[in-house]
Amino acid sequence: MRALQASTSYSVGFGISTVAPSPPPSRHRVVVFAKAEPTEKSVETMRKFSEQYARRSDTYFCVDKSVTSVVIKGLAEHKDTLGAPLCPCRHYDDKAAEAQQGFWNCPCVPMRERKECHCMLFLTPDNDFAGQDQTISSEEIKETTASM
């Protein structure tokens, strides 16, 4: 967002200084966040992918299943809107470009190379937050994200 700058002009002839009128300050700030709910099909696809990858990589879901649920829904939303499961836990200046590049598409390069999941979706057994589950049901995802 650009900052508004007041312009100042000075009257030379009489030694009087004046300030050019600036627009009246806005009393209300309108911020719009467009958050699309992912399709059930995408959530189910990402749920199955997450379970399969956890088993294959010998990693576990977070002991707090709401973390797992939110990440899976975020991946599903990006799958719907970008065509790729871009990591939902990072900030991007250009999500479409990042999704096309693929570095942060799940499983991201740090996860594949070093088992480091920034989102805490895939946790190694020695991680303090790792649970004992490599599965999560569709119902658990719905229940844990219903109030969000």
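Source: prediction; values computed, not measured.

Trainee: Go over the nonpolar core, please, and point to the residues and values.
Mentor: Looking at soluble globular proteins, one finds that nonpolar side chains tend to be buried together. I72, L121 and F122 are the most contacted members of the largest nonpolar core, which has 23 residues in total. Element by element, the count of residues in this core is highest for helix α1 (residues 40-57), at five residues. Residues contacting L121, with those up to four places away along its chain left out, are S50, Y60, F61, T68, V71, I72, L75 and C106.

Trainee: Just give me the short version of the confidence of the model for the protein, but keep the residues and values in it.
Mentor: Averaged over all residues, the pLDDT of the protein is 84; the fraction at 70 or higher stands at 76%. Looking across the protein, the model is least confident in strand β1 (residues 8-10), with a mean pLDDT of 33, and most confident in α1, with 98. Scored below 50 in pLDDT, residues 1-18 makes nine contacts in the model with residues more than four places away or belonging to other chains. Here residues 30-34 is a poorly scored stretch, pLDDT under 50, and it has zero contacts once near neighbours within four places are set aside; other chains count.

Trainee: Tell me about the pattern of salt bridges, residues and numbers included.
Mentor: The tally for this structure, following the rule as stated, stands at seven salt bridges. Here E140 and K65 are joined by a salt bridge, their closest N and O atoms 3.4 Å apart. Note that E140 is positioned in helix α5 (residues 138-145) and K65 in helix α2 (residues 65-82), a separation of 75 residues in sequence. Three or more residues joined by partner-sharing salt bridges are found here, namely E44, R47 and E51.

Trainee: Describe the packing of aromatic side chains, listing the residues and the values that go with them.
Mentor: Considering all chains together, one arrives at four aromatic pairs under this definition. Ring centres of F49 and Y53 lie 5.9 Å apart, and the angle between their planes is 25 degrees; this geometry places the pair in the stacked category. Of this pair, F49 and Y53 both sit in helix α1, four residues apart, roughly one helical turn. Taken together, the ring pairs connect F49, Y53 and F122 into an aromatic cluster. Seen from the ring of W104, R90 lies directly overhead, with NZ or CZ sitting 3.7 Å from the centre.

Calculation criteria
Residues numbered from 1 in each chain as written. Predicted model: local features only at pLDDT ≥ 70, side-chain atom pairs only at ≥ 80, totals over all residues. Heavy atoms only, no water. Core = buried A, V, L, I, M, F, W, Y, C linked by side-chain atoms within 4.5 Å. Buried < 20%, exposed > 50% of the residue type's maximum accessible area, 1.4 Å probe, protein only. Helix = DSSP H or I, 4+ residues; strand = E, 2+ residues; numbered from the N terminus. Contact = heavy atoms within 4.5 Å. pLDDT = per-residue confidence, 0-100. Salt bridge = Lys/Arg side-chain N within 4 Å of Asp/Glu carboxyl O. Phe/Tyr/Trp six-rings, centres within 6.5 Å; stacked < 30°, edge-to-face > 60°. Lys NZ or Arg CZ within 6 Å of the ring centre and 35° of its normal.

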